[in-house]
Amino acid sequence: MALTSVSFTISQSAVAPAIITATDTSEGTYGTIASRRIFFQTSQGTWLTTSGISSTSAYVEWPLANTTENFQVLEEDQALAITVQWVEADGTVVNTLTQLYCLSEFNRQFFYYLFQQQALSPGIVQDTNYYANLSTYWMNIIGAIQAVEIGADISSSQNCLNRATNMMNEQAKYF
Amino acid sequence: MPTILPISDIIEIGRVSTYLSANYVAKKGLFGGTVIRPTPPALIAMATDALDWGNAGGAQTTASLRSTANYAYWLFGKFQLDAQNIISGPGGGSVIPTPSGGGAPNDLDFKVSSTSFIKTGETSVSIPQFIGYNVDFSRSGIMQNTTNPGDGGTYYGWNNVTGLFELFNGAAQDGELFRIMVDAGGSGSVIPTQTYPFIITSADFEPDGITYNNPAIVGDQLMLFITGYNQEWQFAPTSFSYTATGIQIDIPGFDAANYGNIIIQKIN
């Protein structure tokens, strides 16, 4: 017996945005499959691992016993091509699946924080610079999400995320 | 007790308010006239997304979400009630019509179906536009009572404070003819016109000491002066929030019984 279909889901924790949670939703039985490998490839062609960024292909082991696993690989929002391999004990790859994701919780939660502060000073929206920067920030988050969901383009998505992340890191200047 | 809208409902109201605001601004620009404090649709969309992301992530506290949701609800402005009706009512393009020049809302007259105002199988619906009025109800041409007839026959319930309309002893059946009529005279009461400023006391509050219900102030932007609290006017969402039936004081530990008169003034 073997897997009849392979699939997985990815989510980013809003409480701890550095963590990516992967869940194996494959159907069938594992048969000779002994382990999983998960690759987090960026749009720049590097790979994220739990021990840092690698310039060559690198993966993180995902034990078969854990249907759901947390991987702390993020330092900021990323648009990633995430690949999962189901492998036998000798390393032979049995199944492979790659999916694209825009992981934007760092920026989404900061956007919420901006509105939380705005609620305390509603008149700030009359400030032209603030309102323009707020709109730009929001547009970049939305653009990043749609670049992956609609365009399947992690490079464009990452460009939007980078602009948003820069505004978040320079919040004193923009907001 | 008044019902406070769940966060998820406010998010949905925001989605609908976005295009309502966009159409309103476009129409005012096309036909001229003053655009009276409509919140820009982009700002409504941003506020809705912010609330959605904060609510979905699980990283924000309940108090924070409620405070932000109240602010977002205030931002939606004049589109709140229309949006609520579109979401819970017959659908886009068919809000409960209000006669030009004001006055009581028009009656609701429809045949029950899978898409009607009260759908097949449903037993209740919210009608915020009818708050403050009594209603009469006819189904399949037969006038209904609000008293249980005792013989298993159908009757209805109507709460003119919360806007909850309920069917008893019989859910809506496909093909039935329903007519929900506003009783603007007779034994009913219309929404009174509120004159500002006006003064309330602790006796006007609900037993919880923080909730004040008054359909006449719903939709108005207000400021409060609480005698004995401090020497400043209080504004939403910092000190109080708007509810479907009035206002709720959000000052920690507040109890109206501990303070004197409260002056309520309209901002716009």
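The rules behind the values
Residues numbered from 1 in each chain as written. Chains lettered and ligands numbered in written order. Predicted model: local features only at pLDDT ≥ 70, side-chain atom pairs only at ≥ 80, totals over all residues. Heavy atoms only, no water. Helix = DSSP H or I, 4+ residues; strand = E, 2+ residues; numbered from the N terminus. Buried < 20%, exposed > 50% of the residue type's maximum accessible area, 1.4 Å probe, protein only. Contact = heavy atoms within 4.5 Å. Areas by Shrake-Rupley, 256 points an atom, 1.4 Å probe, with all protein chains shown as cover. Axes fitted to C-alpha atoms, helices over the stretch in contact; angles between N-to-C directions. Parallel < 35°, antiparallel > 145°, perpendicular 65-115°, else oblique. Nonpolar A, V, L, I, M, F, W, Y, C, P; charged D, E, K, R; others polar. Patch = residues over 30% accessible without salt bridge, like charges linked within 9 Å, V, L, I, M, F, W, Y side chains within 5 Å. Salt bridge = Lys/Arg side-chain N within 4 Å of Asp/Glu carboxyl O. Buried area = accessible area lost by both parts, 1.4 Å probe. Polar contact = N/O pair within 3.5 Å; in protein donor to acceptor, adjacent residues only side chain to side chain. Core = buried A, V, L, I, M, F, W, Y, C linked by side-chain atoms within 4.5 Å. Expected span 1.5 Å × (residues − 1). Phe/Tyr/Trp six-rings, centres within 6.5 Å; stacked < 30°, edge-to-face > 60°. Lys NZ or Arg CZ within 6 Å of the ring centre and 35° of its normal.

**Examining the overall build of chain B**
Then comes step 1: Helix and strand counts for chain B come out as four helices and 14 strands.
Then comes step 2: The buried share of chain B, taken over its 268 residues, is 44%.
Then comes step 3: Within chain B, contacts between residues separated by at least 24 positions form 68% of all contacts whose residues are at least 6 apart in sequence.
Then comes step 4: Here chain B has roughly 12,500 Å² of accessible surface; of this, 53% comes from carbon and sulfur atoms.

**Regarding the packing of helix 1 (residues 105–120) of chain A against helix 3 (residues 62–76) of chain B**
Then comes step 1: Between helix 1 of chain A and helix 3 of chain B, whose axes approach to 9 Å, the crossing angle comes to 70°. Considering the angle they form, helix 1 of chain A stands roughly perpendicular to helix 3 of chain B. Residues Tyr112, Phe115, Gln116, Gln118 and Ala119 of chain A of helix 1 of chain A form the contact with helix 3 of chain B, whose own contacting residues are Ser64, Leu65, Thr68, Tyr71 and Leu75 of chain B.
Then comes step 2: Here the contact of helix 1 of chain A with helix 3 of chain B is built from residues that sort into six nonpolar, four polar and no charged.

**Overview of a nonpolar patch on the surface**
Then comes step 1: Together, Trp233, Phe235 and Ile267 of chain B make up an exposed nonpolar region whose accessible area comes to about 280 Å².
Then comes step 2: Tracing the backbone through its elements, the reader meets tryptophan 233 of chain B in strand 11 (residues 233–235).

**Comments concerning the interface of chain B and chain A**
Then comes step 1: On the side of chain A, 19 residues touch chain B, which itself brings 22 residues to the contact.
Then comes step 2: Of the roughly 1,800 Å² buried between chain B and chain A on both sides combined, carbon and sulfur atoms contribute 69%.
Then comes step 3: Sorting the residues of chain B by area buried against chain A places Met46, Trp53 and Tyr71 of chain B first, and these three jointly supply 40% of that buried surface.
Then comes step 4: Between chain B and chain A we count zero salt bridges in total.
Then comes step 5: Linking chain B to chain A there are eight residue pairs in polar contact (both at pLDDT 80 or more).
Then comes step 6: Mapped onto the side of chain B that touches chain A, the elements with two or more residues apiece are helix 2 (41–57) and helix 3 of chain B.
Then comes step 7: By residue number, the principal contributor to the side of chain B that touches chain A is helix 2 of chain B, which donates 11 residues.
Then comes step 8: Partitioned by chemical class, the residues of the side of chain B that touches chain A number 15 nonpolar, six polar and one charged.

**A word on the nonpolar core**
Then comes step 1: Membership of the largest hydrophobic core comes to 70 residues, with the highest contact counts inside it found for Phe111, Phe115 and Tyr137 of chain A together with Ile247 and Ile264 of chain B.
Then comes step 2: Aside from chain neighbours lying at most four places away, what touches isoleucine 264 of chain B is Tyr196, Pro197, Phe198, Ile200, Tyr212, Leu222, Met223 and Leu224 of chain B.

**Concerning the environment of glutamine 80 of chain B**
All names here are of chain B.
Then comes step 1: For glutamine 80, the position within the fold is in helix 4 (residues 80–88).
Then comes step 2: The spatial distance from the C-alpha of glutamine 80 to the C-alpha of glycine 219 is 8.6 Å, given a sequence separation of 139 residues.
Then comes step 3: Not counting residues up to four positions away in its chain, the partners in contact with glutamine 80 are Ile13, Ser17, Tyr73 and Trp74.

**Some points on helix 3 (residues 154–169) of chain A**
Residues and elements named next belong to chain A.
Then comes step 1: The end-to-end C-alpha distance of helix 3 is 21 Å, a good match for the 22 Å that 16 residues give at a rise of 1.5 Å each.
Then comes step 2: In the core, the buried residues of helix 3 are packed alongside strand 5 (33–42), strand 10 (78–88), strand 11 (93–103), helix 1, helix 2 (128–149) and helix 4 (171–174).
Then comes step 3: The N-terminus of helix 3 is capped by aspartate 153, whose side-chain oxygen sits 3.1 Å from the backbone nitrogen of serine 155.

**A word on the pattern of salt bridges**
Residue and element names in this part refer to chain B.
Then comes step 1: Taken as a whole and assessed by the stated rule, the structure comprises six salt bridges over all chains.
Then comes step 2: A salt bridge links arginine 15 to aspartate 52, with the nearest nitrogen and oxygen atoms 2.9 Å apart. One end of the pair, arginine 15, is in helix 1 (residues 7–31); the other, aspartate 52, is in helix 2, and 37 residues separate them in sequence.
Then comes step 3: Among the residues examined, arginine 15 registers a relative accessible area of 37% and is labelled partly exposed.
Then comes step 4: Of the residues examined, aspartate 52 reaches a relative accessible area of 24% and is grouped as partly exposed.
Then comes step 5: When the shortest N-O distance is used, the salt bridge between lysine 266 and aspartate 220 registers 3.7 Å. With lysine 266 in strand 14 (residues 262–266) and aspartate 220 in the loop between strand 9 (211–213) and strand 10 (222–226), this pair connects stretches of sequence that are 46 residues apart.
Then comes step 6: Looking at lysine 266, the relative accessible area reads 35%, which means it is partly exposed.
Then comes step 7: Counted as one network, the salt bridges with shared partners bring together Arg15, Asp49 and Asp52.

**Considerations on the environment of glutamate 176 of chain B**
Residues and elements named next belong to chain B.
Then comes step 1: One can find glutamate 176 in the loop between strand 6 (164–168) and strand 7 (177–183).
Then comes step 2: Judged by relative accessible area, which is 14%, glutamate 176 ranks as buried.
Then comes step 3: For the pair formed by glutamate 176 and valine 112, sequence separation is 64 residues and the distance between their alpha carbons is 5.3 Å.
Then comes step 4: Not counting residues up to four positions away in its chain, the partners in contact with glutamate 176 are Phe110, Lys111, Val112, Arg139, Ser140 and Ala171.
Then comes step 5: Side chain to side chain, glutamate 176 and arginine 139 meet in a polar contact 2.7 Å long.

**Let's talk about the side chain of aspartate 220 of chain B**
Then comes step 1: Overall, the relative accessible area of 14% leaves aspartate 220 of chain B in the buried class.
Then comes step 2: Within the structure, aspartate 220 of chain B has its side chain in polar contact with the side chain of tyrosine 196 of chain B (distance 2.7 Å).

**A look at the packing of aromatic side chains**
Then comes step 1: What the rule picks out here adds up to 31 aromatic pairs over all chains.
Then comes step 2: Pairing phenylalanine 8 of chain A with tyrosine 101 of chain A gives two aromatic rings, centres 6.4 Å apart and planes at 45°, and the pair type is tilted. Of this pair, phenylalanine 8 of chain A sits in strand 2 (residues 8–12) while tyrosine 101 of chain A sits in strand 11, placing them 93 residues apart in sequence. Both residues of the pair, phenylalanine 8 of chain A and tyrosine 101 of chain A, belong to the buried class.
Then comes step 3: Grouping aromatic residues by their ring pairs yields a cluster made of Phe110, Phe111, Tyr113, Phe115, Tyr130, Tyr137, Tyr174 and Phe175 of chain A together with Trp53 of chain B.
Then comes step 4: The ring of tryptophan 62 of chain A carries arginine 36 of chain A above its face, with NZ or CZ at 4.3 Å from the centroid.

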